[in-house]
Amino acid sequence: MTPNVTLVAVVACLLAAGFYLLLDRSLTRVLLGILLLGNGANLLLLSSGGPAGGPPILGVTAEEDMADPLPQAMILTAIVITMGMAAFVLAIIYRHWRLTQRDDVVDDVEDRRVATGGVADVEDDGLDESAETVPQDAP
């Protein structure tokens, strides 16, 4: 079976847009990128599944006319994984919004220092390390 050119173009656009959004600093765009990647992967699996056929039940359909059940099972699994990832990223977005009132991820000073290979300067800032900090929104 040769794949439909339109379906291949749609898969390529979904995957490209998903990767582009995934690399953004806005967490909402990261979520949309994950969803687009999941849908693109599902369409890719659907197009690789071969031609449509009858139900894959012995005695109901001849063996040469049966549809391949493996891509269907993989698509169902991919849908569940995508929804689980979306729920996890939504929880991260909600927690980040509650703590910072921002949607985007900002550069951390410590991350920049590690990226440049600098050595940490340890300062005594007067805080007791044994004291436990409680987040603002904790009950």
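Caption draft 1: Layout of the packing of helix α1 (residues 5-22) against helix α2 (residues 27-48). Interaxial distance between α1 and α2 falls to 7 Å at its minimum, and their mutual angle equals 155 degrees. Put simply, α1 runs roughly antiparallel to α2. Relative to α2, the crossing made by α1 is left-handed. A per-class count over the contact of α1 with α2 returns 17 nonpolar, 5 polar and 1 charged.

Caption draft 2: Fine view of the environment of T28. Examined against the element boundaries, T28 turns out to sit in helix α2. For T28 and D103, which are 75 residues apart along the polypeptide, the C-alpha to C-alpha distance reads 7.1 Å. Aside from chain neighbours lying at most four places away, what touches T28 is I93 and D103.

Caption draft 3: Structural context of α2. With 22 residues, α2 extends 32 Å from end C-alpha to end C-alpha; this agrees with the ideal 32 Å at 1.5 Å per step. Residues of α2 that are buried: L27, V30, L31, G33, I34, L37, G38, G40, N42 and S47. Of the surrounding secondary structure, the elements contacted by the buried residues of α2 are α1 and α3 (69-100).

Caption draft 4: Fine view of the nonpolar core. Core analysis: the biggest nonpolar cluster contains 7 residues, these being L27, V30, L31, I34, A86, V89 and I93. Secondary-structure elements contributing two or more residues to this core are α2 and α3. Element by element, the count of residues in this core is highest for α2, at 4 residues. Setting aside chain neighbours within four positions, we find V89 in contact with L27, L31 and I34.

Caption draft 5: Main features of the pattern of salt bridges. Tallying each qualifying case throughout the model produces 4 salt bridges. Here D24 makes a salt bridge to R29, at a shortest N to O gap of 3.0 Å. By relative accessible area, D24 is classed as partly exposed at 29%.

Analysis parameters
- Residues numbered from 1 in each chain as written.
- Predicted model: local features only at pLDDT ≥ 70, side-chain atom pairs only at ≥ 80, totals over all residues.
- Heavy atoms only, no water.
- Axes fitted to C-alpha atoms, helices over the stretch in contact; angles between N-to-C directions.
- Helix = DSSP H or I, 4+ residues; strand = E, 2+ residues; numbered from the N terminus.
- Parallel < 35°, antiparallel > 145°, perpendicular 65-115°, else oblique.
- Left-handed = near helix turned anticlockwise from the far one by under 90°.
- Nonpolar A, V, L, I, M, F, W, Y, C, P; charged D, E, K, R; others polar.
- Contact = heavy atoms within 4.5 Å.
- Expected span 1.5 Å × (residues − 1).
- Buried < 20%, exposed > 50% of the residue type's maximum accessible area, 1.4 Å probe, protein only.
- Core = buried A, V, L, I, M, F, W, Y, C linked by side-chain atoms within 4.5 Å.
- Salt bridge = Lys/Arg side-chain N within 4 Å of Asp/Glu carboxyl O.

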